[in-house]
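Inside the fold
Each chain is listed here by its residues.
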Amino acid sequence: MRFAAQIAKDDYTTIGEQINAHRSTRQQAPLKASSIAQYCSNYNILSRLCDYKSEDPLYFIEDYDRVHDALLKPNKRTQKTLTDNSRRNYLNSVIIMSQTAESPGDVIQKFVNDRDALNQKYNDIKAKGQYSEDEEQIKVSQDEIDEMLGKIKKELKGVYSLSKSDLSANTYNLLQFFTMMSLYKEHRLRNDFASLNVVGLREFNHLTSDVKQGTNFLVVGKTVQIVLYDYKTKKNQDPMHIDITNKELLQVVRKYIGVIGKGVPLFTGPTGHQMTSNQLTTFLQKYTLEYLGKRISTRMLR
């Protein structure tokens, strides 16, 4: 079985069904649509890096040497090679797509070995309290974050007395970024903040279990609590509860909710709908580049 040399976005859903059908035969949990989209996108990029054509006699994800060499090849324009993290992400995509396409097991195992070696390298670095090579270039100190938040706080003076509809797009986005970074400063989650929905405690308690499952909440009452029913490291049906206790952060969050209201997503993307994980990463990188001179993702905030 071969996928197209370039998978069209309209076909992501069909590809996702094929991937999850194969995963079910291996007793593996189904992947989310956002993960499927990322794997398909990485597949397309890697196909181009391998200069693959549909008429090629050997399918590129069944050609270990071709993929291996492509992942180590310097970029033609920048002459930089892919970071270990990028290579690891591409290998994860190749493994998922290869398993679904039922590629030869020995080839898949070579990709798995390469991916696992990169994972081990990263874990060894983290165990020593060090940064990986690519992280070293963009590491940010707590002092830098505090200084940035202090600067933005001054820029947002007077904003909390307004409603969301009174704010310009730029001011609203800056307010979102300020709130987001204030949360990450205290609670180093992954991209889970993107999926939070603001709800009052009374309304939350009236939601059925079926409604709660697969949804994440910022529950606001006398206390403020993050309740995650859907998160990457989840191993059972139990939600994760995180109490927001820092007084300064509580003030930031409550004032922000005073602007956006309840019964809405905590953070929204360009279309006004709930921010996706990828949009959150792009959003963080845009504003950290502007205020810190570095593109910081949630991986560097954990």
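Provided above is the structure to which this section pertains.
Because the structure is predicted, anything quoted here is derived from the model rather than measured.

1. Some details on the packing of aromatic side chains
Inspection of the entire model under this criterion finds 14 aromatic pairs. For the pair Tyr43 and Phe60, a centre-to-centre distance of 5.3 Å together with 50 degrees between the ring planes defines the contact as tilted. Here Tyr43, found in helix α2 (residues 33-49), pairs with Phe60, found in the loop between α2 and α3 (64-72); they are 17 residues apart in sequence, far enough to count as distant. Judged on exposure class, the residue Tyr43 and its partner Phe60 are both buried. With centroids separated by 4.7 Å and ring planes inclined at 85 degrees, the aromatic side chains of Tyr184 and Phe193 adopt a geometry described as edge-to-face. The same class applies to Tyr184 as to Phe193, namely buried. What links up through ring pairs into an aromatic cluster is the set Phe3, Tyr43, Tyr52, Tyr59 and Phe60.

2. Some words on unusual backbone geometry
Glycine aside, the phi torsion of most residues is negative, and most peptide linkages are trans. Non-glycine residue Gln79 carries a positive phi angle of around 65 degrees. Secondary-structure assignment places Gln79 in the loop between α3 and α4 (84-100). For Glu102, which is not a glycine, the phi torsion comes out positive at approximately 55 degrees. Here Glu102 shows up in the loop between α4 and α5 (105-127). The class for Glu102 is exposed, based on a relative accessible area of 64%.

3. Section: the state of the cysteines
Under the criterion given, the structure shown has 0 disulfides. Cys40 takes part in no disulfide bond, and the closest cysteine sulfur to it belongs to Cys50, at a distance of 16 Å. The exposure class assigned to Cys40 is buried, which follows from its relative accessible area of 0%.

4. A look at the side chain of Ser98
As for its placement among the helices and strands, Ser98 is situated in helix α4. Among the residues examined, Ser98 registers a relative accessible area of 0% and is labelled buried. What Ser98 contacts, discounting residues up to four positions off in sequence, is Ile61, Ser103, Ile108 and Phe111.

5. A look at the sheet that holds strand β5 (residues 264-265)
Across the sheet, 5 strands lie side by side as β4-β3-β2-β1-β5; this open sheet has mixed pairing. Each having just a single partner strand, β4 (240-244) and β5 make up the two edges of the open sheet. Alignment of strand β1 (residues 196-200) against strand β2 (residues 216-220), held across 5 bridges, turns out to be parallel. Opposite Leu196, over in β2, you have Asn216 as the bridge partner. Where helix α11 (residues 247-260) meets the sheet, its contacts fall on β1, β2, β3 (224-228), β4 and β5, and the angle it forms with β2 comes to roughly 100 degrees.

6. Some points on the pairing of β1
A regular strand carries its side chains on alternate faces of the sheet. For β1, a buried count of 5 out of 5 residues is recorded, marking the element as mostly surrounded by other parts of the structure. What you see with β1 is no split at all: Leu196, Val198 and Gly200 on one side and Asn197 and Val199 on the other are buried throughout. Summarising the sheet, β1 and β5 pair through 2 bridges and their orientation is antiparallel. Each bridged residue has a counterpart across the sheet, and for Asn197 the counterpart in β5 is Pro265.

7. Here we look at the pattern of salt bridges
Overall, the coordinates contain 8 salt bridges when judged by the stated rule. Residue Arg66 pairs with Asp56 through a salt bridge whose shortest N-O separation is 3.0 Å. In this pair, Arg66 sits in helix α3 while Asp56 sits in the loop between α2 and α3, placing the two residues 10 residues apart along the sequence. Lys185 serves as the salt-bridge partner of Asp146, at 2.8 Å between the closest nitrogen and oxygen. Of this pair, Asp146 sits in helix α7 (residues 142-155) while Lys185 sits in helix α8 (residues 169-186), and the two are 39 residues apart along the sequence. A single salt-bridge network, built from bridges that share partners, covers Asp84, Arg87 and Lys121.

8. Overview of the packing of helix α1 (residues 12-25) against α4
In contact at an axis separation of 9 Å, α1 and α4 are set at 80 degrees when each is read in the N-to-C sense. For the element pair α1 / α4, the angle class is roughly perpendicular. Of the residues in α4, those touching α1 at Ile15, Gln18, Ile19, His22 and Arg23 are Ile96, Met97, Gln99 and Thr100. Here the residues of the contact of α1 with α4 sort into 4 nonpolar, 4 polar and 1 charged.

Reading the values: the criteria
Residues numbered from 1 in each chain as written. Predicted model: local features only at pLDDT ≥ 70, side-chain atom pairs only at ≥ 80, totals over all residues. Heavy atoms only, no water. Phe/Tyr/Trp six-rings, centres within 6.5 Å; stacked < 30°, edge-to-face > 60°. Helix = DSSP H or I, 4+ residues; strand = E, 2+ residues; numbered from the N terminus. Buried < 20%, exposed > 50% of the residue type's maximum accessible area, 1.4 Å probe, protein only. Disulfide = S-S within 2.5 Å. Contact = heavy atoms within 4.5 Å. Pairing = 2+ DSSP bridges. Axes fitted to C-alpha atoms, helices over the stretch in contact; angles between N-to-C directions. Salt bridge = Lys/Arg side-chain N within 4 Å of Asp/Glu carboxyl O. Parallel < 35°, antiparallel > 145°, perpendicular 65-115°, else oblique. Nonpolar A, V, L, I, M, F, W, Y, C, P; charged D, E, K, R; others polar.

By themselves, these figures tell us nothing about what the structure is for.
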